[in-house]
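# Structure at a glance
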Amino acid sequence: MISLHRSCFLNNTGISGSSSPLSYKLKKLPPASVKVTALGPNRDRNSSVLIENNNTLKEIREDGTSSVADVDSNSTVAGGDSDVYYDDAATEDQIVTPWAISVASGYSLLRDPHHNKGLAFTEKERDAHYLRGLLPPTIISQELQVKKMMRSIRQYQVPLQKYMAMMDLQEANERLFYKLLIDNVEELLPVVYTPTVGEACQKYGSIFRRPQGLFISLKEKYVSHMRTGTLDYNWRGLYSCFLPFLFTLICTLSRGKIHEVLRNWPQKNIQVIVVTDGERILGLGDLGCQGMGIPVGKLSLYTALGGVRPSACLPVTIDVGTNNEQLLNDEFYIGLRQRRATGQEYAELMHEFMTAVKQNYGEKVLIQFEDFANHNAFDLLAKYGTTHLVFNDDIQGTASVVLAGLVAALKVVGGTLADHRFLFLGAGEAGTGIAGLIALEISKQTNMPLEEARKKISLVDSKGLIVKSRIDSLQHFKKPWAHDHEPIQKLVDAVNGIRPTVLIGTSGVGRTFTKEIIEAMAALNDKPIIFSLSNPTSQSECTAEEAYTWSQGRAIFASGSPFDPVEYKGRVFVPGQANNAYIFPGFGLGLIMSGAIRVHDDMLLAASEALAAQVTQENFDKGLIYPPFKNIRKISAHIAANVAAKAYELGLATRQPQPKDLVKYAENCMYSPAYRSYK
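All values derive from a computational prediction rather than experimental measurement.

Calculation notes
- Residues numbered from 1 in each chain as written.
- Predicted model: local features only at pLDDT ≥ 70, side-chain atom pairs only at ≥ 80, totals over all residues.
- Heavy atoms only, no water.
- Axes fitted to C-alpha atoms, helices over the stretch in contact; angles between N-to-C directions.
- Helix = DSSP H or I, 4+ residues; strand = E, 2+ residues; numbered from the N terminus.
- Parallel < 35°, antiparallel > 145°, perpendicular 65-115°, else oblique.
- Contact = heavy atoms within 4.5 Å.
- Nonpolar A, V, L, I, M, F, W, Y, C, P; charged D, E, K, R; others polar.
- Buried < 20%, exposed > 50% of the residue type's maximum accessible area, 1.4 Å probe, protein only.
- Polar contact = N/O pair within 3.5 Å; in protein donor to acceptor, adjacent residues only side chain to side chain.
- Lys, Arg positive; Asp, Glu negative; His and termini not counted.
- Salt bridge = Lys/Arg side-chain N within 4 Å of Asp/Glu carboxyl O.
- Pairing = 2+ DSSP bridges.
- 1 Å grid on protein atoms, 1.4 Å probe; cavity = no way out; pocket = protein on both sides within 12 Å on 5 of 7 lines; lining within 4 Å.
- Points joined across faces, edges and corners; volume = space filled by probe spheres on them.

Running from N to C, helix H14 (residues 293–306) and helix H27 (residues 632–649) cross one another at 95°; their axes reach a closest spacing of 8 Å. By the angle between their axes, H14 is roughly perpendicular relative to H27. Along its contact with H14, which presents Thr303, Ala304, Leu305 and Gly306, the element H27 presents Ile632, Arg633 and Ser636. For the contact of H14 with H27, the residue count by class is 3 nonpolar, 3 polar and 1 charged.

Quick look at the structure:
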């Protein structure tokens, strides 16, 4: 392995361990322009060196020949940030060098998922990058590779096997993975995300092969000692009498190891982080460290659906232990084998993480909280919402996508949001988040005080209807929904008593919308709106077939996980899916492309409006209140444009000037998985 030292560039003395021709070539370049990373074994003669010098990438091989990829390092896309990876849609035809600033062999190139093209390498590329003999002689297109992979994946009967095949592909050929997912999104979305990702998390320890993100545990919380050399250099001899005090003070203020752990991640230009502590994975409960499947899956969708570069995404799991006894006793469990840390210890770890993220990646990195338990989710969002660019998909993303579905449904049932009454089963993150955004939209539409708007919304939790008489025992996030009403224990009684037009399930408990409840909703409303949102499919409050059958085909239905079309009395109903994947990829892209520094509730409303506007009359005729996922990139571009426009309007955008056509700008900024031509 070629080793590099900072002194060799400062002193212009070459590379330690390299052959003399290579060292000679490097010494002739300006030291400040040279950046080299050793990736290939030193013994491998078929390797090449690419050196960044001003605005060109210069390749110098061991045989003394060289080639130059003329790439303007200051190029931008539609006025946006410079994309050093040349991954956006506006640069698809640009010829690039696969080994930008690195030393590598052809053998290593085939094992680098970011640049590997498999049998799609051309004859010229095979000669230029020492691939002769390492591949069969045939050359095939990326389209044929997609066709081949889809045929292979479809042969698997078990969804988890399909999931594992997709993860293997992602680790072998990143662009082919995203091309496959984008071109077959409706078929593969349930494979790479809910419901299959839930089973993958449950069995993560058994199927774990290669880490795909950062695991930060309590072991990284504190620095156990100071480097005495640093201490000696700064203070010894000058303030010797104060050394004991200074040492104690510095240790107290130490930022711990998390800052260093983040620096271990190879990519430095991070724009989106999805982080979980694994305590409430979907509707499956505490899965501890094995919750990593959620950040990995979410970020795959950020790229495939929202066009955020894979290199700009970072999945993180915070491991503070687990209270799941089955996992603690599982020999294949990959996390800390201890009960969950809580209270101050937990808060200190999270604060150190949030501080380190900002120090490493700056003010504009988006941190998405995912699948935290209620008691932590609301506290983290409230604590860091004013200091960081944070977003909780369970609270805010779910609320935005459900609101979009309701706005679209109004075109079928008529009236405004203020004309309807809403009843929720479930008063956790999702339930209260959705209720809050509905109330905010009603307030904005009618100029009604927010407190009055909330009175149109009732919530039922595990102890019954949330009412004023329970106020002292309620968690803080439930208190705004405690209305003057007699206590009610059963959901069916709440339906008959409150007479809602909209029934929404976020309980995480399957089959709680019984036949009696659906029939009661149908008796009260000509077209009852029923959203069964809990994930995965096994936890859904009712199935699509049950909703349509028990309502005599009159229900307007949507679910969190996908259901197949239902035939009832000769008519085919296509159930809508209130999937957060409609919202968060485009929402994140909008924040990134505007350079937003904070998330505002009005941005969530803007995202909902953009999504609802994408539902066509053809969709309504099929019973859909959400557009089909096959158009998701177009949908994400419109959502991103609306969110970015709101960021500029609120003065929260830092990227100036504002592009004239935000939709076109969003489309141009999207990552393209098409193979690049290599010199």
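So, next bit.
Here His420 lies in the loop between helix H18 (393–413) and strand S10 (422–425). For His420, a relative accessible area of 10% puts it in the buried group. The spatial distance from the C-alpha of His420 to the C-alpha of Arg499 is 10.0 Å, given a sequence separation of 79 residues. Leave out the neighbours within four places in its chain, and His420 touches Leu410, Val413, Gly414, Lys456, Thr501 and Val502. In this structure the side chain of His420 is engaged in a polar contact, spanning 3.3 Å, whose partner is the backbone oxygen of Gly414.

Here we take up the side chain of Glu441. When you line up the elements, Glu441 lands in helix H19 (residues 429–446). It turns out Glu441 is buried and unbridged, and the closest side chain with the opposite charge, Lys444, is 7.2 Å from it.

Spatially, the 5 strands line up as an open sheet ordered S5-S7-S6-S8-S9, and their pairing is parallel. The sheet is open, and its two borders are formed by strand S5 (214–217) and strand S9 (389–392), each paired with just one other strand. Going from strand to strand, the sheet's axes swing by 25° on average, the running direction of each strand aside. Judged from the 4 bridges that link them, strand S6 (residues 272–276) and strand S8 (residues 366–369) form a sheet pairing that is parallel.

Attention shifts here to empty space enclosed by the protein. Where empty space is left becomes clear once a probe the size of a water molecule has been rolled over the atoms. Tallied over the full model, the rule gives 3 cavities of 30 Å³ or more. Considering only enclosed or pocket space, the largest cavity measures out at about 160 Å³ in volume. Lining the largest cavity are Tyr163, Met164, Met167, Asp168, Glu171, Tyr204, Ile207, Phe208, Arg209, Arg210 and Gln212. Elements represented by at least two residues in the lining of the largest cavity include exactly helix H6 (159–172) and helix H10 (204–207). Counting residues per element, the lining of the largest cavity draws most heavily on H6, which supplies 5 residues. In the lining of the largest cavity, the residues fall into 6 nonpolar, 1 polar and 4 charged.

Moving on: the packing of H14 against helix H24 (residues 584–594). Where H14 meets H24, the axes come as close as 8 Å, and the angle between the chain directions of the two elements is 75°. As far as their axial angle goes, H24 and H14 are roughly perpendicular. Residues Lys298, Leu301, Tyr302, Leu305 and Gly306 of H14 form the contact with H24, whose participating residues are Phe584, Pro585, Gly588 and Leu589. Residues of the contact of H14 with H24, tallied by class, amount to 6 nonpolar, 2 polar and 1 charged.

Here the focus is the pattern of salt bridges. Tallying each qualifying case throughout the model produces 26 salt bridges. For Arg340, the salt bridge goes to Asp277, with nearest N and O atoms at 3.8 Å. Of this pair, Arg340 sits in the loop between helix H15 (325–328) and helix H16 (343–361) while Asp277 sits in the loop between S6 and H14, and the two are 63 residues apart along the sequence. Here Arg340 falls in the buried class, since its relative accessible area comes to 9%. Via salt bridges that share partners, Arg280, Asp371, Asp394 and Glu429 belong to a single interconnected network.

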